[in-house]
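Overview (structure and organization)
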Number of protein chains: 2
Amino acid sequence: MNTELKDYLKKKNLKATKNRITILKYINKRRDPFSAEDINKDLMDQNPINLSTIYRTLNIFLDNDILQKVAEIDGVLYYQKLQENHQHQLICTECKAVVPIENCPIAEWKDSLEKMTGYQIASHHLELRGLCPNCQRKK
Amino acid sequence: MNTELKDYLKKKNLKATKNRITILKYINKRRDPFSAEDINKDLMDQNPINLSTIYRTLNIFLDNDILQKVAEIDGVLYYQKLQENHQHQLICTECKAVVPIENCPIAEWKDSLEKMTGYQIASHHLELRGLCPNCQRKK
DNA sequence: GTTATTGCAAACAATTTGCACCCAC
DNA sequence: GTGGGTGCAAATTGTTTGCAATAAC
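Residues numbered from 1 in each chain as written. Chains lettered and ligands numbered in written order. Predicted model: local features only at pLDDT ≥ 70, side-chain atom pairs only at ≥ 80, totals over all residues. Heavy atoms only, no water.

A word on unusual backbone geometry. Residue and element names in this part refer to chain A. Phi is positive for Asn 13, which is not a glycine, with a value near 65°. Inspection of the secondary structure assignment puts Asn 13 in the loop between helix H1 (3–11) and helix H2 (18–29). Under the relative-accessibility criterion, Asn 13 is labelled exposed at 72%. Positive phi, close to 55°, is recorded for Asp 65, a residue that is not glycine. (Helix = DSSP H or I, 4+ residues; strand = E, 2+ residues; numbered from the N terminus. Buried < 20%, exposed > 50% of the residue type's maximum accessible area, 1.4 Å probe, protein only.)

So, in structure tokens, the structure goes:
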């Protein structure tokens, strides 16, 4: 049972505990960013896991390139499964729904920006905010 | 003394207190993003101001379009004087030097993104990171 | 059996808040 | 003089940590 996930963790030199497998499953299922609190609430009924354990597991998953931080909003960290391809977030300011954006115009802009500034640009972080179609209707 | 700053605050319907003028001066001088703690440390010698007061003042300045939040890093909020024209930050990962970037490719991209997603995009936040010319030489 | 992981409670750090005093108007 | 601004201490909130019990190997 869950042999695949167990092997995945072991390949990363992580002990395959019940909690880690539960959290890993959760991460794999969710397409949008989530917080530690989200995990805690969503697993409460089936597999309650202590908040400290969730935080510790998230940090271990970050270190092992399973997860990535995608935002920090009002003092809350949001995570997402590490994406192979570069992507950004479009967040609804009302309901907090998130749309991942795949194509990004920054790449093409990078060269000219490096020439202008002399900087050697290594990475960037882009967050867009607005109203989702649903919340527009409610206004 | 400081008549200009006093009038500026009064025009915004804010009482022109000593603390507010001191903080306003600080904000006007600084070109790069700063935290509440930065203000506290930098004013410690000349004009010590209580941290609560600094936080309260920053929030009032945010509400009155004097300030803007520019980042939230490791649980710390960073602010900057509200810029008339839209701008972003290019931050050196070594020495933390900041170059403000005036032109931004997102504006042109906005329309097509709104069509694609149905979102009504209100704002965006872009942060670029890399090595400044100085720190490149040192490597 | 050994060592890493877990749950619990306590610690932490940034920010906010309640309250009595004080200053700008 | 009055009401908003301030300092102080205490509360709050998300996250981290110390420690004893436990589970993975």
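On we go from here.
For the rest of this paragraph, the subject is the protein's contact with DNA strand D. Close to DNA strand D lie 20 residues, the nearest being Tyr55(A), Leu77(A), Thr17(B), Arg20(B) and Thr53(B). When atoms of DNA strand D within 4 Å of the protein are split into backbone and base, the sugar-phosphate part holds 71%. At a separation of 3.2 Å, a base oxygen of DNA strand D approaches a polar side-chain atom of Ser52(A). At 2.3 Å from a phosphate oxygen of DNA strand D is found a side-chain nitrogen or oxygen belonging to Thr53(B). The set of elements that each furnish at least two residues to the surface near DNA strand D consists of helix H4 (51–63) and strand E2 (76–81) of chain A together with helix H2 (18–29) and helix H4 (51–63) of chain B. No other element matches H4(A), which puts 4 residues into the surface near DNA strand D. Within the surface near DNA strand D, the residues separate by chemical class into 5 nonpolar, 9 polar and 6 charged. (Near = heavy atom within 4 Å. Polar contact = N/O pair within 3.5 Å; in protein donor to acceptor, adjacent residues only side chain to side chain. Nonpolar A, V, L, I, M, F, W, Y, C, P; charged D, E, K, R; others polar.)

A word on the protein's contact with DNA strand C. Close to DNA strand C lie 19 residues; Thr17(A), Arg20(A), Thr53(A), Tyr55(B) and Leu77(B) are nearest. Of what DNA strand C places within 4 Å of the protein, 70% of the atoms are sugar or phosphate. A distance of 3.0 Å separates a base nitrogen of DNA strand C from a polar side-chain atom of Arg56(A). Listed by contribution, the elements that provide at least two residues to the surface near DNA strand C are H2 and H4 of chain A together with H4 and strand E2 (76–81) of chain B. The dominant element in the surface near DNA strand C, judged by the number of residues it contributes, is H4(B), at 4 residues. A class-by-class count of the residues in the surface near DNA strand C yields 5 nonpolar, 8 polar and 6 charged.

This next bit is on the interface of chain B and chain A. Facing the 36 residues of chain B at the interface are 36 residues of chain A. Among the residues of chain B in contact with chain A, Glu72(B), Trp109(B) and Tyr119(B) are the three that bury the most area, contributing 24% of the side total. Viewed at the interface, chain A and chain B are joined by 0 salt bridges. The tally of links between chain B and chain A comes to 14 residue pairs in polar contact (both at pLDDT 80 or more). When contributions to the side of chain B that touches chain A are tallied by element, the ones reaching two or more residues are strand E1 (67–73), strand E3 (88–92), strand E4 (98–101), helix H5 (106–117), strand E5 (120–131) and helix H6 (133–138) of chain B. At 12 residues, E5(B) tops the list of elements feeding residues into the side of chain B that touches chain A. Here the side of chain B that touches chain A is composed, by residue class, of 22 nonpolar, 10 polar and 4 charged. Here strand E5 (residues 120–131) of chain A runs beside E5(B); their pairing, made up of 11 bridges, is antiparallel. In the strand pairing of E5(B), Ile121(A) is matched with Gly130(B). (Contact = heavy atoms within 4.5 Å. Buried area = accessible area lost by both parts, 1.4 Å probe. Salt bridge = Lys/Arg side-chain N within 4 Å of Asp/Glu carboxyl O. Pairing = 2+ DSSP bridges.)

Before going further, it helps to examine the packing of H2(B) against H4(B). All names here are of chain B. Where H2 contacts H4, the axes come no closer than 11 Å and their chain directions differ by 70°. One way to sum up the angle between H2 and H4 is to call them roughly perpendicular. Taken as a pair, H2 and H4 cross one another with a handedness that is right-handed. On H4, the residues touching Asn 19, Arg 20, Ile 23, Leu 24 and Ile 27 of H2 are Thr 53, Ile 54, Thr 57, Ile 60 and Phe 61. Each residue belonging to the contact of H2 with H4 can be placed in one class, and the counts come to 6 nonpolar, 3 polar and 1 charged. (Axes fitted to C-alpha atoms, helices over the stretch in contact; angles between N-to-C directions. Parallel < 35°, antiparallel > 145°, perpendicular 65-115°, else oblique. Left-handed = near helix turned anticlockwise from the far one by under 90°.)

What follows covers the side chain of Glu72(B). When you line up the elements, Glu72(B) lands in strand E1. Salt bridges are absent for the buried Glu72(B), whose nearest opposite-charge side chain, Lys69(B), sits at 6.3 Å. Once you skip the residues sitting within four places of it in the chain, Glu72(B) turns out to touch Glu72(A), Ile73(A), Asp74(A), Gly75(A), Val76(A) and Leu77(B). (Lys, Arg positive; Asp, Glu negative; His and termini not counted.)

The next point concerns the relation of the copies chain B and chain A. Mapping chain B onto chain A calls for a rotation angle of 179° and an axial translation of 0.3 Å; the resulting RMSD is 1.0 Å. Here the symmetry operator amounts to a two-fold rotation axis. When the interface residues of chain B are mapped onto chain A, 100% of them are again interface residues, pointing to one common binding face. (Least-squares fit on C-alpha atoms with pLDDT ≥ 70 in both.)

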